[in-house]
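# Descriptive analysis of the structure
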Amino acid sequence: MIISGKELALSLKRRLAEEVGTFEERYGRVPHLAVILVGDDAGSVSYVTGKAKASAEVGIRNTTLRRPATISEEELLALIAELNADDEVDGILVQLPLPKHIDTDKVIAAVDVSKDVDGFHPLNVAALWQKQPCTLPCTPKGIIKMLKAAGVEIAGKRAVVIGRSNIVGLPVAKLLLDENATVTVAHSRTRNLAEVTSQAEILVVAIGRPRFVTADMVAEGAVVIDVGVNRDPESGKLCGDVDFAAIEPKASVITPVPGGVGPMTICCLMENTVECFLRRMHGRER
Ligand code: NAP
């Protein structure tokens, strides 16, 4: 089965749009997401455009603030402080990566935790690892939603995550653990990677290398989630970390690239923005 993240995201966004449609009357306004884009990296511009488009679909107000790559760290922190203090802003997202002269960790920590729609703030990360209520990072949250929508039973399964980044690998491993999978996290120093991945009943791949995972690394009937977004070095087209054509016949469930994890990530960003808005309106969890 190929899970269409695109279709799932569409139906979730439709549901969110219905909910958001009632907010003007109930709260006097709709959620407001502020996105900061520093510089003009083509990938970042396209992600920010996708976020603005999804906001429009759901009925969320989106303000994209573009700043030159030469912006100083101080100026960026001042902009964040301004948005933190703005009562009409519910979510703040700083598009990554940032230019090298800016300390990304400092910027992430500067966002008011109640407006941290990315779920990257250290307090949100701590809350995730302590199983406290928090804003979940969008990509891992979307992956769990996809698995559930596909009817994949997670509890008791052997799950292998390749990649240990703060934004994908580690949090998705934690969420799978919370769903009672037995989780292994593999990375660039893992020995006999194919042996490890062949054990996986659920394999999540978040490396950033085109078609790195080949059919011999995957068990018959495995569930394969491909997080990678790469340019095929030959065709220049988007492709994942998984050799989709070779693995699709073997896998019981697989996600395509594009149209898999990516649209779910944006959809979860919309959901997180609504959650931050509602918490601000009610001082409560949804
Ligand atoms: P990252 O920070 O670069 O982390 C990559 C991870 O892969 C690292 O933990 C690294 O191991 C591991 N790795 C690299 N080469 C490896 C190898 N040969 N064997 C085993 N492990 C290896 O990347 P990321 O931010 O997690 O993103 C990963 C991919 O997902 C990228 O393609 C990115 O564009 C994509 N992505 C997609 C979405 C989406 O919504 N679809 C969202 C976020 C990211 P070490 O820790 O040992 O270096």
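No experiment lies behind these values; they were computed from the predicted model shown. (Residues numbered from 1 in each chain as written. Predicted model: local features only at pLDDT ≥ 70, side-chain atom pairs only at ≥ 80, totals over all residues. Heavy atoms only, no water.)

### Some points on the domain arrangement of the protein chain
Test applied: Here the bounds of each domain stem from an automatic or database domain assignment.
Annotation of the protein chain at the domain level lists domain 1 (27-112) and domain 2 (138-261). The straight-line distance from the C-alpha centre of domain 1 to that of domain 2 is 29 Å.

### A look at the sheet that holds strand β5 (residues 182-186)
Here is the rule we go by: We call two strands paired when DSSP finds no fewer than two bridges between them. Helix and strand definitions follow DSSP, with helices as H or I runs of at least four residues and strands as E runs of at least two, each counted in order from the N terminus. Should any heavy atoms of two residues lie within 4.5 Å, those residues are considered in contact. Working convention: axes come from line fits to C-alpha atoms, limited for helices to the stretch in contact. Angles between N-to-C directions cover 0 to 180 degrees.
Here five strands make up an open sheet; going across it, the order is β5-β4-β6-β7-β10 and the pairing parallel. The strands lining the two open edges of the sheet, one partner per strand, are β5 and β10 (253-254). Against the sheet, helix α8 (residues 169-178) engages β4 (158-162), β5 and β6 (202-205), with an angle of about 170 degrees to β4.

### Describing the site of the ligand
Rules: Here a residue is near a molecule or strand as soon as one of its heavy atoms is found within 4 Å of it. Residues adjacent in sequence count toward polar contacts only when both atoms are side-chain atoms; beyond that, a polar contact is any pair of N or O atoms within 3.5 Å, and within protein one must be able to donate a hydrogen and the other to accept it. The method behind every accessible area is Shrake-Rupley, applied with a 1.4 Å probe, and residues are considered shielded solely by the protein chains displayed.
Of all residues adjacent to the ligand, which total 22 residues, the nearest are Arg164, Ser165, Ser188, Val229 and Thr265. The separation between an oxygen atom of the ligand and a polar side-chain atom of Ser188 is 2.5 Å. For the ligand, an oxygen atom lies 3.1 Å from a polar atom in the backbone of Val229. A total of 920 Å² of accessible area belongs to the ligand in isolation, and the protein chains cover 72% of it. It is helix α11 (residues 261-282) that contributes the most residues to the shell around the ligand, three residues altogether.

### Some remarks on the packing of aromatic side chains
How we decide: Any pair of Phe, Tyr and Trp rings, taking the six-membered ring for Trp, is counted once the centres come within 6.5 Å. Such a pair is stacked with planes under 30 degrees apart, edge-to-face with planes over 60 apart, and tilted for the rest. When a residue's accessible area, from a 1.4 Å probe over protein chains only, is under 20% of the maximum for its type it is buried; when over 50% it is exposed; and in between it is partly exposed.
The tally for this structure, following the rule as stated, stands at three aromatic pairs. A centroid spacing of 5.4 Å and a plane angle of 70 degrees characterise the contact between Phe23 and Tyr27, whose relative ring orientation is edge-to-face. One end of the pair, Phe23, and the other, Tyr27, are both in helix α2 (residues 23-27), four residues apart, so they sit about a helical turn from each other. Taken as a pair, Phe23 and Tyr27 share a single burial class, namely buried. Between Phe23 and Phe277, the ring centres sit 5.0 Å apart and the planes meet at 25 degrees, which makes this aromatic pair stacked. You can see Phe23 sitting in helix α2 and its partner Phe277 sitting in helix α11, a full 254 residues away along the chain. As far as the burial class goes, Phe23 and Phe277 line up, both buried. One aromatic cluster is present, built from ring pairs that chain together Phe23, Tyr27 and Phe277.

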